[in-house]
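Chain and residue survey
Here's the letter readout for the chains.
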Amino acid sequence: MTGQISLAKQVKKVLVGDHAVAEAVKLARVNVISAYPITPQTLIVERISEMIERGELKADYIRVESEFAALATVYGAAAGGARAFTATSSHGLFYMYEMLWWAAASRVPLVMAVVTRVLGPPWNIHDEHSDLLAIRDSGWIIGMAQNVQEAFDMTLTAFKISEDEKVLLPVAIGLDGFILSHTAEPLDIPSQEDVGSWLPPRNPRIPYTIEPGGEPITMGNLPKNDVYHALLKKYMDESMENAKKVIAEVYDEYGKLTGRNYGPLTECYRCSDAKYIAVSMGAWSGDIMGAIERLRDEGYPVGLLRIRYLRPFPEEDITAWINGAKGVIVFDRDYSAGLGGVLASEISGFIPSNVSFEGVLAGLGGFDVSPDEFRGIIKEFIDKTEREGPIKIRKYWYIPKVEG
Amino acid sequence: MSVAEKLRGLLLSTPAAGAGGRTGTWRVYRPVVNYSKCTKCGLCWLYCPENVIDWLEDKNVRINYDYCKGCGICADVCPVKAIDMVREGVV
Amino acid sequence: MVTMTELHKYGTRKFIMPGTAACPGCPLQVGMRQLAMALDGKFVMVIPAGCSSIIPGTAPYTTYTVPVLHVPFASSPAVASGIVRAVRQRGNEGPVVVWAGDGATADIGFATLSGAAYRNEDILYIMADNEAYMNTGIQASGTTPWMAWTTTSPRGKTEDKKDVALIMLMHKVPYVATASIAYPMDFIDKVRRAMQVKGFRFIHLHAPCPPGWKMDDAYTIRAARLAVETGAWILWEYNQGKLTISPPSIPFKDRARRKPLEEYLKIQGRFAHLKPEDIKLMEEKIDRQWDLILKLAEIYK
């Protein structure tokens, strides 16, 4: 925990999500950045390059030949003791898939922004969460922002979380492609000085550094016994559990620094007196809140559980919020082929048998879902439950009619 | 133990002899130096893949049989054929 | 110019700890010891998947005595790029070395190699070439010679050897050289000259592999020497604009002074199936390669 934290001087700016992320990278005084352009992440890397050229950020920007090289490069920088950052999206994220696992199990701190985007074919640059969710097994801490302010805040706190001695796991922060990445919203940005006192430079020795003249350690040769490897995975699990507390501590401090207090792992909107809980991640949570407002006006006792961090999996939060609920409806902007929505499948195990449950697949391929459409889907679920008792619909495909 | 300390010995290794095992037991033939022929040129030391030959201060050579695998490179490169590869177990 | 007298000071120094998991007669540790002598044991290594991932033995121990980062197969040049940027920022000017096999360099890691070279990253890249994917059991790689037996080319490889060193030359990096473990003085001098240069430095090190080449364990150095003496392996060096044939290879510019190619081929079981017409074709390929290198030496005078 840092010493006394007082409210920072903040400046209001209007930025698109990608530029807000770049701003956070600048304030975090990242040492090495490497990324390969892919729509809709490009604005992040372009802004960072400009910042470096203008002298606003003293860092190495490495122009690599692929996303695989981008992650490998920032991983090397982190192993060499630097604070490092990369950003990518869908196909690019999958191109670095091997390195994702290697980076996490190497236990070096890293931060990556994932601007979520549909995977092809067909080619499609619009928003889906499937790419971010596909890395949930890799050992990366995974968070997702709802608006541009949060995208900035989550990127900044990511460095503190990742580098914490009790965590030492890389952090991926998702922001919805185009919907946040290319949409301008107002946000408050703390001063460099105030951020600097809250987020000191990275300690290269934690957990280890590979440097000429340094300690002659080897990272990664075969274990003498496979049990060693099992132990390492158990330690990773312990660190993921630690991360829950560390994330809470970091946001507590961050709240003192900025005046913005987030529910660390999840936030529940109008849940205290809710009988029905909707669950979602990301930008469309704002639209779902709009739907919640309208439903409340109509007398429906419904709230929204917004997941901020999916890894570590916020089991305690989820069980607490759905305790006593009559029904849970989960919105997935993703699809795990052959199963259904990822969030729905991860949460369904926590739903008691006498509680109504529906997993909605919507927004796939990037089509917009309006607050009114959300309202319709949730209303139908609640009405059906009230009429028939608990229902279990693991896959509700919401696909609107297309004109022409 | 901190997370960083827990990684030692599992994810992080430190230098030690015999990290690949007691490799002297792999041998079928052992190199035997004929010191009367040896010209102390040091080539056997230079080319040994296992670093088991010491080229001492006085330029004599000494083989560590704990780890020597008996590959025979030292005998092959010796310019005066001062090293014989002798079958293990044969007196 | 390094001498045995100078190297004598390393006579009892263990740059690699004995008792490795390498095959008896493995060329890689011979090469790595020479590299370590050239750098006085002060460097870090980035090692992608390959024999050198296994040779160090098992955790909690390793045979390597310098800081080492083991990395995924295709990633080493990129990881090294990151490490070097990080340590240079802290004012650490020490050598960052990639020690990679032919598989990791010529094939799966080709894109990251090209990227690091074209960015002129300040790293020393050693491709230890045992001419096949040896660690996975002798499968053909891009640098496996024409007609060589491997498990994936049992009748003899149909493709020619990929010339990675010349490809690196065309990336306009400041230093490229070929080397051989049978010519340690030449290799050590090259490493030391490379260290005088900043930027991407590439050394293609010939490393004959007894099990992979179906050869006697004791013949590792003999094979490497015959490769040079028959002209099959050309030692050359490109240093900031000048390309020269290295002293050990100079006599073999002259076809007549090269040892018969059969002497090199006959100790290797991987070439046992070659017919006289194959050997003749091989000699022609060697002539053309000499021609190419000599012409390049004229261009880069």
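Every chain is numbered independently, its residues counted from 1 as its sequence is written. Think of it this way: whatever chain is written first is A, whatever ligand is written first is 1, and the rest follow in order. Reporting in this predicted model follows two pLDDT cut-offs: at least 70 for local features of residues, and 80 or more for side-chain atom pairs to be given and counted; totals over whole chains, interfaces and linings ignore these cut-offs and use all residues.

**What to know about the overall build of chain C**
In this description a helix means any DSSP run of H or I spanning at least four residues, a strand means any run of E spanning at least two, and both kinds are numbered starting from the N terminus. Secondary structure assignment for chain C yields 12 helices and nine strands. Expected size for 301 residues packed as a compact globule is a radius of gyration near 19 Å; at 18 Å, chain C falls within 12% of this value. Considered along the principal axes of its C-alpha atoms, chain C spans approximately 60 × 45 × 40 Å. We call a residue exposed when 12 or fewer other C-beta atoms sit within 10 Å of its C-beta, buried when the count reaches 20 or more, and partly exposed for counts in between; the C-beta positions come from the backbone. By residue count, 59% of the 301 residues in chain C fall in the buried class. Sequence-distant contacts, at least 24 apart, represent 69% of the contacts inside chain C between residues at least 6 apart. In this setup the radius of gyration rests on C-alpha atoms only. A globule is expected at 2.2 Å times the number of residues raised to 0.38. Remark: residues whose backbone-derived C-beta atoms lie within 7 Å of one another are considered to be in contact.

**A word on the overall build of chain B**
From N to C terminus, chain B includes three helices and five strands. Moving toward the C terminus, one meets the helices and strands of chain B in the order α-β-β-α-β-β-α-β. Along the three orthogonal principal directions, the C-alpha set of chain B runs to about 55 × 30 × 15 Å. Evaluated residue by residue, chain B yields a buried proportion of 46% over its 91 residues. Relative to all contacts within chain B whose residues are 6 or more apart in sequence, the contacts with residues 24 or more apart total 67%.

**Structural notes on the confidence of the model for chain C**
Interpretation of the predicted coordinates at a detailed level should be avoided for regions scoring low in pLDDT. Scored from 0 to 100, pLDDT records how confident the predictor is in each individual residue. Residues at a pLDDT of 70 or more form 100% of chain C, whose mean pLDDT is 98. On the interface metric, ipTM, the complex scores 0.96, and its pTM is 0.96.

**Considerations on the interface of chain B and chain A**
On the side of chain A, 19 residues touch chain B, which itself brings 11 residues to the contact. Contributions of two or more residues to the side of chain B that touches chain A are made by α1 (3-7) and β1 (12-15) of chain B. By the convention adopted, Pro, Cys, Tyr, Trp, Phe, Met, Ile, Leu, Val and Ala count as nonpolar, Lys, Arg, Asp and Glu as charged, and the other residues, Gly among them, as polar. A breakdown of the residues in the side of chain B that touches chain A according to their chemical character gives seven nonpolar, three polar and one charged. Paired strands, as defined in this entry, are two strands with at least two bridges between them according to DSSP. Across two bridges, the pairing between strand β9 (residues 218-219) of chain A and β1(B) is antiparallel. Bridging from a neighbouring strand, A:T218 pairs with B:S13 of β1(B).

**Observations concerning unusual backbone geometry**
Along the chain, A:G120 connects to A:P121 via a cis peptide bond; the corresponding omega equals -5 degrees. The topology assignment puts A:P121 in the loop between β5 (111-116) and α6 (130-133). Cis rather than trans, the peptide bond between A:R311 and A:P312 has omega equal to 5 degrees. Checked against the element boundaries, A:P312 lands in the loop between β13 (309-311) and α11 (315-322). Although it is not a glycine, A:F178 sits at a positive phi angle of roughly 65 degrees. For C:K172, which is not a glycine, the phi torsion comes out positive at approximately 60 degrees.

**Quick notes on the sheet that holds strand β5 (residues 124-129) of chain C**
Pairing within the open sheet is mixed, and its 11 strands lie in the order β2(C)-β1(B)-β9(A)-β3(C)-β1(C)-β4(C)-β5(C)-β7(C)-β6(C)-β8(C)-β9(C). Since the sheet does not close on itself, it has two edges, and those belong to β2 (61-62) and β9 (242-245) of chain C, each with one partner. Two strands pair when backbone bridges link them, and β5(C) and strand β7 (residues 201-206) of chain C are joined in this way by six bridges, in the parallel orientation. Considered in β7(C), the bridge of C:D129 is made with C:H206.

**Points about the pairing of strand β11 (residues 276-280) of chain A**
Put simply, side chains in a regular strand alternate between the two faces of the sheet. Residues and elements named next belong to chain A. Most of β11 is tucked away: five of the five residues are buried. Burial of β11 is two-sided: the residues Y276, A278 and S280 facing one way and the residues I277 and V279 facing the other way are all buried. Where β11 and strand β12 (residues 302-307) come together, five bridges link them in parallel fashion. Pairing of Y276 across the sheet is with V302, part of β12. A crossover connection joins β11 to the parallel β12 through helix α10 (residues 284-297); in handedness this β-α-β unit is right-handed. Seen with its strands pointing away from the viewer, a crossover is right-handed when the path leading from the first strand over the helix to the second is clockwise.

**What to know about the pairing of strand β4 (residues 84-88) of chain A**
Residue and element names in this part refer to chain A. Taking burial as the measure, the five residues of β4 include five buried ones, the bulk of the element. Burial along β4 is two-sided: the residues A84, T86 and T88 and F85 and A87 are all buried. Bridge analysis of strand β2 (residues 32-34) against β4 gives two bridges, and the strand direction is parallel. Across the sheet, residue V32 finds its bridge partner in β4, namely A84.

**Digging into the packing of helix α3 (residues 67-79) of chain A against helix α5 (residues 97-106) of chain A**
All names here are of chain A. Put simply, α3 and α5 touch, their axes get as near as 10 Å, and they point 10 degrees apart. One element, α3, and the other, α5, form an angle in the roughly parallel class. Contact with α3, carried on its side by F68, L71, A72, Y75 and A79, involves M99, L100, A103 and S106 of α5 and no other residues of that element. Here the residues of the contact of α3 with α5 are counted per class, giving eight nonpolar, one polar and no charged. Simply put, an axis is a line fit to the C-alpha atoms, just over the touching stretch for a helix, and the angle between two N-to-C directions goes from 0 to 180 degrees. Comment on the angle field: the value is read as roughly parallel under 35 degrees, roughly antiparallel over 145, roughly perpendicular from 65 to 115, and oblique elsewhere.

**Some words on the interface of chain C and chain A**
Contacts between chain C and chain A engage 40 residues on the former and 41 residues on the latter. The set of elements that each furnish at least two residues to the side of chain C that touches chain A consists of α3 (51-54), β3 (68-71), α4 (76-89) and α6 (110-118) of chain C. With 10 residues, the single largest contributor to the side of chain C that touches chain A is α4(C). Each residue belonging to the side of chain C that touches chain A can be placed in one class, and the counts come to 21 nonpolar, 15 polar and four charged. The pairing of β9(A) with β3(C) spans two bridges and is classified as parallel. Note that in β3(C) the partner of A:T218 across the bridge is C:V68.

**Notes on the sheet that holds strand β16 (residues 392-397) of chain A**
All names here are of chain A. The sheet built from six strands is open, its strands ordered β10-β12-β11-β14-β15-β16 with mixed pairing. Either end of the sheet is taken by a strand with one partner, and the two such strands are β10 (266-269) and β16. When the angles between neighbouring strand axes are averaged without regard to direction, this sheet yields 20 degrees. In this fold helix α13 (residues 371-388) packs onto β11, β12, β14 (327-332) and β15 (356-361), with an angle of close to 150 degrees to the strand it touches most, β14.

**Here we look at the packing of α4(C) against α6(C)**
Residues and elements named next belong to chain C. Contact geometry for α4 and α6: axes closest at 7 Å, N-to-C directions at 35 degrees. Side by side, α4 and α6 meet where P77, A78, A80 and S81 of the first sit next to T112, L113, G115 and A116 of the second. Within the contact of α4 with α6, the residues separate by chemical class into five nonpolar, three polar and no charged.

**As for the nonpolar core**
A:V21, A:Y75, A:I277, B:C44, C:I83 and C:I126 are the most contacted members of the largest nonpolar core, which totals 274 residues. All the domain ranges listed were derived from an automatic or database domain assignment. Formed jointly, this core draws a minimum of three residues from each of two domains, domain 1 (10-258) and domain 2 (267-397) of chain A. Sequence-distant contacts of C:I83, that is, excluding residues within four places in its chain, are made with A:G76, A:A77, A:A79, A:G80, A:I210, C:V44, C:V46 and C:V96. Think of a nonpolar core as buried Ala, Val, Leu, Ile, Met, Phe, Trp, Tyr and Cys residues chained together by C-beta atoms that fall within 7 Å.

**A short note on the environment of C:A132**
All names here are of chain C. Relative to the helices and strands, A132 is located in the loop between β5 and α7 (164-169). Sequence separation between A132 and I83 is 49 residues; the distance between their C-alpha atoms is 28 Å. Sequence-distant contacts of A132, that is, excluding residues within four places in its chain, are made with I138, Q139, A140, S141, T144, T150 and G212.

**Details of α3(A)**
Residues and elements named next belong to chain A. The first and last C-alpha atoms of α3 sit 18 Å apart over 13 residues, in line with the 18 Å expected at 1.5 Å per residue. Within α3, 13 of the 13 residues are buried, leaving the element largely enclosed by the surrounding structure. At the exit of α3 stands G81, carrying a positive phi of roughly 100 degrees. A helix is expected to span 1.5 Å multiplied by its residue count minus one.

**Here's the deal with the environment of A:A8**
Residue and element names in this part refer to chain A. The topology assignment puts A8 in the segment before β1 (10-16). As for A8 and I307, which are separated by 299 residues in sequence, their C-alpha atoms are 27 Å apart. Dropping the residues within four chain positions of it, A8 is found in contact with P190, S191, D194, L257 and T258.

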